[in-house]
Amino acid sequence: MGLQFVAYSLFPYLLLFLITSKQADGSRAMQVDGISKETNVLQLHSMDVQGHPSNHMHHMDSSLIVFFKLEDLKMGNTMQVYFPKRDPSRSPHLLSKEKADSIPFSLKEAPSLLKRFSFTQDSPQAKAMEDTLRQCENEPIKGETKFCATSLESMLDFTRAIFGFDVDIKILSTKHQTNSPTLIQDYTIRGVPEEILAPKMVACHTMPYSYAVFYCHYQKSKSRVFKVSLVGENGDRVEAIGVCHLDTSQWSPSHPSFQVLGIEPGTSPVCHFFPADNFVWIPSPAIN
């Protein structure tokens, strides 16, 4: 009897559904139903995920209010958190692999890319695009395997290369259970945070670009994944995905998490919540 893995919407901002199924010969077929229309709408928010300095990030204080310490994950604890709310109609869309592969994705091609997407050289959009290309081309830190995915197919190829091509995969993402325009507020942890045990994880973060680009990376160093139920001071309810990186000794001292938490590389685990349009891949089933 064939096995079928159905992944619900990766996140509402892309309106994208993924279906993978194991065939009789053991191979997997993939069907993608979604929007592959190219867009010039640029999403400017992202988190500096690699540990390299990101100039446009350091001026976005609100986007840094996602970091916390492992000891903060306690039932009843309250912390201030920023959860961005984005308009799906204005969010960049994933391109098909054929379309994405036809467009250069290189810093040296930046001038022609800016012209292609009608951005002037000195515009905020141009600086954000160039910064994304630069981060994607930076060397990975020790123990990290990274890839900037410009299509769902390339993202899946990268993830399966990490987990193994015969392994089913599961997607974890933050879910907002109430609809509110509030971006930053105090949230209290309801119940005991649920740790999701998995031998490996791949995190994918949205990057500012003219179409959807995800910075996906796997780190050999140990990380812990949690599902955390939060309730905001205004009643907002969020089922948040949080990841704690236990070894930060290879991270750049300029990584914003160290300034936010008042720590230094390698001295303490660094945890952060994921926005709803970032997500974590794990092998399925996870370890209970």
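Treat the numbers as computed from the prediction; the structure is a model and nothing was measured.

Asker: Would you explain helix α3 (residues 124–137) in this entry?
Answerer: For α3, which comprises 14 residues, the first-to-last C-alpha distance of 20 Å matches the rise-based estimate of 20 Å (1.5 Å per residue) to within 8%. Taken together, the buried residues of α3 touch α2 (110–116), β6 (144–149), β11 (202–207) and β12 (213–219).

Asker: In this structure, what is going on with the state of the cysteines? I would like to understand it.
Answerer: Here the structure, examined in full by the defined rule, presents three disulfides. Each sulfur in the disulfide pair C204 and C216 lies 2.1 Å from the other. With the S-S dihedral at roughly 115 degrees, the linkage between C204 and C216 falls on the right-handed side. Of this pair, C204 sits in strand β11 while C216 sits in strand β12, and the two are twelve residues apart along the sequence. The residues C204 and C216 share a single accessibility class, namely buried. Between C244 and C271 runs a disulfide, and the two sulfur atoms are separated by 2.0 Å. Disulfide C244 to C271: torsion about the S-S bond roughly 110 degrees, handedness right-handed.

Asker: Looking at this structure, how should I read the pattern of salt bridges?
Answerer: By the definition in use, this model includes three salt bridges. A salt bridge links K97 to D101; the shortest N-O distance between them is 2.7 Å. Note that K97 and D101 are positioned in helix α1 (residues 97–101) at a spacing of four residues, about one turn of the helix. According to the relative accessible area criterion, K97 is partly exposed, its value standing at 31%. As a salt-bridge pair, D131 and R134 come within 4.0 Å of each other at their nearest N and O atoms. On the criterion of helical spacing, the pair formed by D131 and R134 is a turn pair, its members being three residues apart in helix α3.

Asker: Got a minute to help me understand the sheet that holds strand β7 (residues 169–173) in this structure?
Answerer: Through backbone hydrogen bonds, the strands of a sheet pair up, either in parallel or in antiparallel fashion. Ordered by their spatial adjacency, five strands build an open sheet running β6-β12-β11-β16-β7, and the pairing between neighbours is antiparallel. On the outer flanks of this sheet lie β6 and β7, each paired with one strand and no other. Geometrically, the sheet is characterised by an average inter-axis angle of 25 degrees between neighbouring strands, direction not taken into account. Where β11 and strand β16 (residues 279–283) come together, three bridges link them in antiparallel fashion. Across the sheet, A203 pairs through a bridge with V280, a residue of β16. Of the strands in this sheet, β6, β11 and β12 touch α3, which is tilted by about 145 degrees from β6. Of the strands in this sheet, β6, β7, β11, β12 and β16 touch helix α4 (residues 152–163), which is tilted by about 165 degrees from β6.

Asker: Would you mind showing me how to read unusual backbone geometry here?
Answerer: Among all residues except glycine, the phi angle is most often negative; among peptide bonds, the trans geometry is most common. At S118, a residue that is not glycine, the phi angle is positive and equals roughly 60 degrees. S118 sits in the exposed class, given a relative accessible area of 59%.

What counts and what doesn't
- Residues numbered from 1 in each chain as written.
- Predicted model: local features only at pLDDT ≥ 70, side-chain atom pairs only at ≥ 80, totals over all residues.
- Heavy atoms only, no water.
- Helix = DSSP H or I, 4+ residues; strand = E, 2+ residues; numbered from the N terminus.
- Expected span 1.5 Å × (residues − 1).
- Contact = heavy atoms within 4.5 Å.
- Disulfide = S-S within 2.5 Å.
- Buried < 20%, exposed > 50% of the residue type's maximum accessible area, 1.4 Å probe, protein only.
- Salt bridge = Lys/Arg side-chain N within 4 Å of Asp/Glu carboxyl O.
- Pairing = 2+ DSSP bridges.
- Axes fitted to C-alpha atoms, helices over the stretch in contact; angles between N-to-C directions.

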